[in-house]
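# Breakdown of the fold
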Amino acid sequence: MINRVRMPELDPNIRNKSFDEVALGFSIEQVKIEASRCLNCVNPRCVKACPVNIDIPKFIQQILSDNFKDAYCTIYQDNILPSVCSRVCPQEKQCEGACVLGIKTESVAIGSLERFIGDYCLENCFYKDEKIEDNNKAVAIVGSGPAGLACAAQIRRYGYQTDVYEALHEFGGVLKYGIPEFRLPKNIVDSEIDRLKKLGVNFYKNVIIGKTLTLDQLIKEYKYDSVFIGSGAGLPSSLGIKGENLNGVYYANEFLTRVNLMKANSFPSYATPVKIKDIVAVVGGGNVAMDAARTAKRLGAKKVYIIYRRDINSLPARLEEIHHAIEEGIEFKLLLNPVEIIGHNYEINKIKCQVMELGEKDQTGRQKPIPTNSFVDIDVDNLIIAIGQSPNPIIKKSTPELLCDNWGRIIVNDYQTSIPGVFAGGDIVTGAATVILAMGAGKSAAIHINKFLRNA
Ligand SMILES: Cc1cc2nc3c(=O)[nH]c(=O)nc-3n(C[C@H](O)[C@H](O)[C@H](O)COP(=O)(O)OP(=O)(O)OC[C@H]3O[C@@H](n4cnc5c(N)ncnc54)[C@H](O)[C@@H]3O)c2cc1C
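What counts and how
Residues numbered from 1 in each chain as written. Predicted model: local features only at pLDDT ≥ 70, side-chain atom pairs only at ≥ 80, totals over all residues. Heavy atoms only, no water. Near = heavy atom within 4 Å. Polar contact = N/O pair within 3.5 Å; in protein donor to acceptor, adjacent residues only side chain to side chain. Areas by Shrake-Rupley, 256 points an atom, 1.4 Å probe, with all protein chains shown as cover. Helix = DSSP H or I, 4+ residues; strand = E, 2+ residues; numbered from the N terminus. Contact = heavy atoms within 4.5 Å. Salt bridge = Lys/Arg side-chain N within 4 Å of Asp/Glu carboxyl O. Buried < 20%, exposed > 50% of the residue type's maximum accessible area, 1.4 Å probe, protein only.

### Brief notes about the site of the ligand
Around the ligand, a shell composed of 38 residues is seen, among which Val88, Ala147, Glu166, Arg183 and Ile209 lie nearest. Taking Arg183, its side chain carries an N or O atom lying 2.9 Å from an oxygen atom of the ligand. Here an oxygen atom of the ligand sits 3.0 Å away from a polar atom, N or O, in the main chain of Val435. Summarising the interface, the protein chains cover 96% of the accessible area of the ligand, which totals 1,000 Å² for the free molecule. Every element with two or more residues in the shell around the ligand is listed here: helix H10 (146-157), helix H11 (174-177), helix H14 (252-260), helix H15 (287-298), helix H17 (394-398) and helix H19 (435-455). Per element, the largest residue contribution to the shell around the ligand is three residues, and it comes from H15.

The structure is reproduced here in C-alpha cells:
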C-alpha cells in the first residue's frame with residue numbers, strides 16, 4: 001500500500017515570522033500518487049460525510065484520467081469555494097474521517113486533492129460557464145460570508161436577480177476578516193468570489209442591514225421578493241471577569257480583523273495599529289484561538305501561550321492547526337481557567353488562573369472541566385480572548401418581529417424566519433460552526449426560497 005502523500009510546508013521557524021501560506025500544495029506528480037490510493041468504493045462513505053455531498057470518488061477518478069477541468073466541474077456543482085474549503089474544512093471529522101482506508105492505514109488526503117483542483121483551475125483561469133435564464137424576481141442576501149455566498153450562487157442559478165449586501169468594506173465574512181493569510185490567502189477568496197460576479201451576482205459593500213437600510217426597506221422600498229440573512233456570529237463572548245477592560249486585552253475577532261482586514265501587521269504603512277508585546281496568552285481551544293496565537297507569534301511575540309480549561313485531546317480546533325501551532329512554538333497551558341486579569345497603570349501584566357481537572361463526560365462526549373482549589377499566576381503582556389462568538393443583534397434590534405432564541409440566533413422553520421419570505425442560515429442560525437456547514441445551509445435555504453417564490 002502506498003503511504004499517504006504529505007503536503008510540503010514552510011519550515012516552522014521561518015513561517016512563524018511571516019504571513020506567507022504555510023501549506024504549499026501538491027505537485028501534479030504528488031496529486032496523481034495520492035489519487036491512486038482511492039479505492040473508488042461502491043458505497044462511498046466520504047460522500048455522505050461531506051456536508052455538501054461532493055462526488056469525491058468521481059472527481060478523484062477524473063484526476064487519475066488527467067481530466068482536471070472535469071474534476072473541477074464535479075466539485076463546483078456542490079461546492080462553489082473549492083480552494084477555500086480544501087484549506088479550512090475539518091476533513092478529519094468529515095470526508096477523510098469516513099474514508100475506509102483510514103480504518104487500517106491512513107485516509108486519502110481528499111482535502112489536498114480538492115485544493116489542487118481548485119487552485120489549478122484558478123491559476124489556469126478555467127471557469128465553468130453556466131447558462132442562466134433570468135426571471136423577473138429579485139432576492140437580497142445579507143452578508144457575504146460562506147452562507148451568503150453559497151445562497152447567492154444557487155439563487156442566481158435559478159435565474160433571480162441576486163444582490164449581496166455586506167456591512168464591511170470587503171466580501172467573504174470570516175474568510176476575509178477572521179482566518180489569517182498564512183492559512184487562507186485573501187487572493188484565493190477574492191478569486192472564488194469573482195466567479196460569482198461572473199455568474200451575475202451583484203455585490204454591495206459598506207451596507208449595514210439594520211442601520212444603513214432596514215429589512216423592511218429591502219422588502220417594501222427596494223421590492224425584493226425574498227431576503228436571505230447570513231449575517232454570521234461575529235459578536236465576541238467575554239470572560240466576564242475582573243480586568244477585562246485593561247489595556248493589552250483583546251477579543252480575538254477584533255485582533256484578527258485588525259490584522260487581516262486593516263493590515264495592522266504593516267502599521268504604520270496602514271493606519272490601524274495592534275500592540276502586541278513579548279508574552280501573549282490566548283484563552284480558548286478552537287480554530288479562532290489557534291489563529292490568534294499563531295498571528296501573535298508572527299507579530300513578534302517571544303512567548304505565546306494557549307490557555308485551555310480541558311486537556312489537549314479535547315481541543316476543538318482542526319488537528320492540522322494544533323499541529324502547526326505546536327511546530328511554530330506555541331506553548332499549551334492546559335487545565336487552566338482565567339479567573340482574574342491583573343494590571344498595573346491600566347496595563348495588563350498577569351492573569352490568575354484556576355487549576356481544573358476533568359470530570360464526567362457531558363452531552364458533547366467531552367469530559368467536563370471541574371475547578372479545583374489551586375490557582376496559578378501567569379505573567380503576560382497581552383491577553384487575547386477566543387472563547388466563542390454569538391450573533392450580532394443589529395438586525396433583530398431594527399426588526400423586533402424577527403424571532404430569535406435566548407442566544408440571539410434567528411429561529412427558522414425550513415430556513416424561513418418568523419417573517420414570511422425572509423430566510424436565514426449559517427452561524428446566525430446555528431451559532432458559531434464551520435464554513436462548509438454555513439455553505440450547506442446557504443444552499444439549502446436557496447432551494448426553499450425558490451420553492452417559496454415559485455408558489456407565490
Ligand atoms: C478566526 C476564525 C477561524 C475559523 N476557522 C475555521 C476553519 O478553519 N474551518 C471552518 O470550517 N470554520 C472556521 N471558522 C468558522 C467559520 O468561519 C464560520 O462558521 C463561517 O464563516 C460562518 O459563515 P456565515 O456566512 O454564517 O458567517 P460569516 O462568515 O460571519 O459572514 C457573515 C457576514 O455578514 C456580514 N454582516 C453581519 N451583519 C450584517 C448586517 N447587519 N448587514 C450586512 N452584512 C452583515 C458580516 O460582516 C460578514 O461578512 C472560523 C471562524 C473564525 C472567527
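There's plenty left to go through after this.
### With respect to the environment of Val227
Here Val227 shows up in strand S4 (residues 226-229). Sequence-wise, Val227 and Gly243 are 16 residues apart; in three dimensions their C-alpha atoms are separated by 41 Å. Ignoring sequence-local partners within four residues, the contact set of Val227 consists of Ala140, Val142, Leu215, Leu218, Ile219, Gly421, Val422 and Phe423.

### Focus on the pattern of salt bridges
This structure, assessed with the given rule, holds 33 salt bridges. Arg310 is the salt-bridge partner of Asp362, the closest N and O atoms lying 3.2 Å from each other. Taken as a pair, Asp362 in the loop between strand S11 (347-361) and strand S12 (367-379) and Arg310 in the loop between strand S8 (303-308) and helix H16 (319-327) lie far apart in primary sequence, 52 residues in all. With respect to burial, Asp362 and Arg310 carry one shared label: buried. A salt bridge links Arg409 to Asp405, with the nearest nitrogen and oxygen atoms 2.8 Å apart. Judged by relative accessible area, Asp405 falls into the partly exposed class, the value being 25%.

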